[in-house]
Protein chains: 2
Amino acid sequence: MVYRLTISYRGTEYAGWQRQPNALSVQEVVERALGVQLGSTVAIVGAGRTDAGVHARGQVAHFELDRRVESSELIHGVNRHLPDDVRILDAGPAAAGFHARKSALHKEYNYRLSRAPVLSPLDSWFTVRVEPELDLEAVRRATGQLVGRHDFTAFALAGGAHRQPVRTVLVAEWQANGPELRLRIVGDGFLRGMVRSIAGTLIEVGRGKMQVESIARLLEGRPRSEAGPTAPAHGLTLERVDYG
Amino acid sequence: MVYRLTISYRGTEYAGWQRQPNALSVQEVVERALGVQLGSTVAIVGAGRTDAGVHARGQVAHFELDRRVESSELIHGVNRHLPDDVRILDAGPAAAGFHARKSALHKEYNYRLSRAPVLSPLDSWFTVRVEPELDLEAVRRATGQLVGRHDFTAFALAGGAHRQPVRTVLVAEWQANGPELRLRIVGDGFLRGMVRSIAGTLIEVGRGKMQVESIARLLEGRPRSEAGPTAPAHGLTLERVDYG
């Protein structure tokens, strides 16, 4: 049987989602907790490989098990074996053939900025400070150009195995609430580092260091070096994965 | 000269605002950082004595100093000597006679609940979980009774030196956002433990364990034992102090 997990974590203390040697990953702590609860070794597959320091409110993973297990055991039982910064929010059997990555239709990420002169410690784990003078109107005009089907090579971190760099962005918009700014971006798939590279580039536009129009040019498959810097990991949260 | 500070902190690691023997307080770490920056011993007075574990987005404090000091030194200079969970957000000279506690006109607190079956680690520092079945409509009707000038003895923690228990609540309202519930309460002054006792009592109303109408009776000066339990500290944040 295939089981589906919805997982939330603070990425601060982790080397990212993906299991790796010599560094603690979210995947490893979840697999370990599942193993303790179920009494057998379990390998999970996540919807997206969030980088070191990136948070998730609704990461999704699946695993196979040759017996029935109750949702409450997968949620409350496994949570007892997890550290405070990782929680199973929901769990249950999935349709046959369900695959957390391959079955995903859309993912939604948020990137949080604050124009406050000093960041409150209530926000600083999840928010990146920018200049109060940031030109939000220019940032919004640049952001609008991202929507649609484009070649996102300019926004892909080197080192990612990018099968193909053409992706569709369905929603890209900024919500402003006092000094807080939040980029909400929904797409059918994201290249490695793509949201952080987009955020970093849009910040450069807001600073007047890049032109609003430069985004359209970058989306013609320009190299990474022509886009702005990669914004810090801790501003980014994987909010949701949609399976239709 | 009198200087005014706006301070934000995560209360998690502190025994509250107020300096005390054998336990670390926010007041102590701010006084220590000011002392290092200014090269002299400084005593600060806060607007309100938040309890252990309670957070602040906009605590206000004042101190006296016999020389001029720039706002930027008080903000950025002092922040360099503070731990990550305490920050000076704003600072500057205040009018002669300004007193952080005595000059305060209103304070605003928020108390955060979540009806999510499992709390996300992105929320769990600042949010208290309640049953998804909580009757928000009943909670809201009960909350409306708090507004006005009343005797809040029933909501005061024993041990507070309550000069007089009659206080005016100007605003008391719940904002709902998906599973998240936030009590916003503004008043001319709060007794020790008052917001947490109110939150704990309103939760009992939402569970059907207390009647909506019982709030009005409690506000006639009934003893603490007749109200509900004190809700956990980590759901509470001192948002703002107004001086008109």
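This text goes with the structure placed above it.
So, a few notes on the structure that sits alongside this text.

### Notes on the pattern of salt bridges
Scanning all chains against the criterion turns up 30 salt bridges over all chains. Sharing partners across several salt bridges, the network here consists of E108, E173, R184, R240 and D242 of chain A.

### Points about the packing of aromatic side chains
Evaluation of the coordinates by the stated rule reveals 13 aromatic pairs over all chains. Ring plane angle 25° and centroid distance 6.1 Å describe the contact between Y9 of chain A and W17 of chain A, whose orientation is recorded as stacked. W17 of chain A matches Y9 of chain A in its accessibility class, with the two residues each being buried. Seen from their ring centres, Y109 of chain A and F190 of chain A are 5.1 Å apart, and the 80° between their planes marks the pair as edge-to-face. With Y109 of chain A in strand β5 (residues 106-114) and F190 of chain A in the loop between β9 (180-187) and α4 (194-206), this pair connects stretches of sequence that are 81 residues apart. Neither residue differs from the other here; Y109 of chain A and F190 of chain A are each classed as buried. One aromatic cluster is present, built from ring pairs that chain together W125 and F126 of chain A together with W125 and F126 of chain B. One Lys or Arg, R10 of chain B, reaches over the ring of W125 of chain A and ends 3.5 Å from the middle of that ring.

### Here we look at a positive patch on the surface
All names here are of chain A. On the surface, R49, R101, K102 and R163 cluster together into a positively charged patch. Along the chain, K102 falls in the loop between β4 (86-93) and β5. In this structure K102 comes out as exposed when scored by relative accessible area, which is 64%.

### Quick look at the relation of the copies chain A and chain B
When chain A is fitted onto chain B, the two copies agree to an RMSD of 0.0 Å after a turn of 180° and an axial shift of 0.0 Å. Taken together, the rotation and translation relating the two chain copies correspond to the operation of a two-fold axis. When the interface residues of chain A are mapped onto chain B, 100% of them again fall at the interface, so both copies present the same face.

### Quick look at the side chain of Q59 of chain B
All names here are of chain B. Residue position: Q59 is located in strand β3 (residues 55-64). Classification of Q59 as buried rests on a relative accessible area of 0%. In terms of polar contacts, Q59 uses its side chain to reach the backbone amide nitrogen of A47, at 3.4 Å.

### Some thoughts on the interface of chain A and chain B
By a widespread convention, an interface's size corresponds to the accessible area lost as its parts come together. If you look at the interface, chain A gives 26 residues, while chain B gives 26 residues. It is V118, P121 and L122 of chain A in chain A that bury the most area against chain B; as a group they hold 36% of the surface buried on that side. Connecting chain A to chain B are two salt bridges. A salt bridge links R57 of chain A to D123 of chain B; its shortest N-O distance comes to 2.9 Å. Counting across the chain A and chain B interface gives six residue pairs in polar contact (both at pLDDT 80 or more). For the side of chain A that touches chain B, the secondary structure elements donating two or more residues are β1 (2-9), β3 (55-64), α2 (71-79) and β4 of chain A. Sorting elements by how many residues they give to the side of chain A that touches chain B places β4 of chain A first, with four residues. The residue makeup of the side of chain A that touches chain B, split by class, is 13 nonpolar, seven polar and six charged.

### Description of the packing of helix α3 (residues 136-144) of chain A against α4 of chain A
The packing of two helices is summarised by the inter-axis angle and the distance between the axes. Residue and element names in this part refer to chain A. Running from N to C, α3 and α4 point in directions that differ by 135°, and their axes come no closer than 8 Å. Put simply, α3 runs oblique to α4. Regarding α3 and α4, the two cross each other, and that crossing is right-handed. Counted together, A138, V139, A142 and T143 of α3 and L202, V205 and G206 of α4 form the full contact between these two elements. Along the lines of polarity and charge, the residues of the contact of α3 with α4 split into five nonpolar, two polar and no charged.

### Points about the environment of A158 of chain B
All names here are of chain B. You can see A158 is positioned in the loop between β7 (148-151) and β8 (166-177). Taking relative accessible area as the criterion, A158 reaches 71% and is therefore assigned exposed. Between the C-alpha atoms of A158 and R224, which are 66 residues apart in sequence, the distance is 8.0 Å.

### Notes on the side chain of Q37 of chain B
Residues and elements named next belong to chain B. Counting through the fold element by element, Q37 comes out in helix α1 (residues 26-38). A polar side-chain atom of Q37 sits 3.2 Å from a polar atom in the side chain of E73. Excluding its chain neighbours within four sequence positions, the residues that come into contact with Q37 are E73, G77, V78 and H81.

What counts, and at which threshold
- Along each chain, residue indices are assigned from 1 in the same order as the chain's sequence is written.
- Note on labels: chains are lettered from A, ligands numbered from 1, in written order.
- Given that the model is predicted, a residue must reach a pLDDT of at least 70 before its local features are reported, and side-chain atom pairs must reach 80 or more before they are shown or counted; all residues, however, enter totals for whole chains, interfaces and linings.
- Hydrogens and waters are ignored; side-chain quantities use all the structure's heavy atoms.
- By convention in these notes, a salt bridge is any Lys or Arg side-chain nitrogen within 4 Å of a carboxyl oxygen on Asp or Glu.
- Think of it this way: a Phe, Tyr or Trp ring, Trp meaning its six-membered ring, pairs with another when their centres are within 6.5 Å, and the plane angle makes it stacked under 30 degrees, edge-to-face over 60, tilted otherwise.
- For every residue, the accessible area obtained with a 1.4 Å probe (protein chains only) is divided by the maximum for its type, and the residue is called buried under 20%, exposed over 50%, and partly exposed between those limits.
- Helix and strand definitions follow DSSP, with helices as H or I runs of at least four residues and strands as E runs of at least two, each counted in order from the N terminus.
- As a reminder, the over-ring test applies to NZ of lysine and CZ of arginine, requiring each to be within 6 Å of the ring centre and within 35 degrees of the ring normal.
- The patches described consist of residues with a relative accessible area above 30% and no salt bridge, like charges being joined within 9 Å and nonpolar side chains (Val, Leu, Ile, Met, Phe, Trp, Tyr) within 5 Å.
- Surface accessibility in these figures is a Shrake-Rupley result with a 1.4 Å probe; residues are shielded only by whichever protein chains are displayed.
- Counting rule for charge: Lys and Arg are taken as positive, Asp and Glu as negative, and neither His nor the chain ends is counted.
- For the purpose of locating charges, the reference atoms are NZ of Lys, CZ of Arg, CG of Asp and CD of Glu.
- When the copies are overlaid, the least-squares fit takes in C-alpha atoms only where the residue has pLDDT of at least 70 in both copies.
- Every residue pair with non-hydrogen atoms within 4.5 Å of one another is taken to be in contact.
- Pairs of N or O atoms are called polar contacts if they sit within 3.5 Å, as long as, within protein, a hydrogen donor faces a hydrogen acceptor (for residues adjacent in sequence, only side-chain-to-side-chain pairs).
- Throughout, buried area stands for the accessible area (probe radius 1.4 Å) lost by two parts on being put together, summed over both.
- The residue classification treats Ala, Val, Leu, Ile, Met, Phe, Trp, Tyr, Cys and Pro as nonpolar and Asp, Glu, Lys and Arg as charged. All others, Gly included, are polar.
- Angles run from 0 to 180 degrees between N-to-C directions of axes, and those axes are lines fitted to C-alpha atoms, restricted for helices to the stretch in contact.
- In this scheme, roughly parallel covers angles under 35 degrees and roughly antiparallel covers those over 145, while 65 to 115 is roughly perpendicular and the rest are oblique.
- For any pair of crossing helices, the crossing counts as left-handed if the nearer helix is rotated counterclockwise from the farther one by less than a right angle, and right-handed if it is rotated clockwise.

The analysis is restricted to geometry; functional conclusions fall outside its scope.
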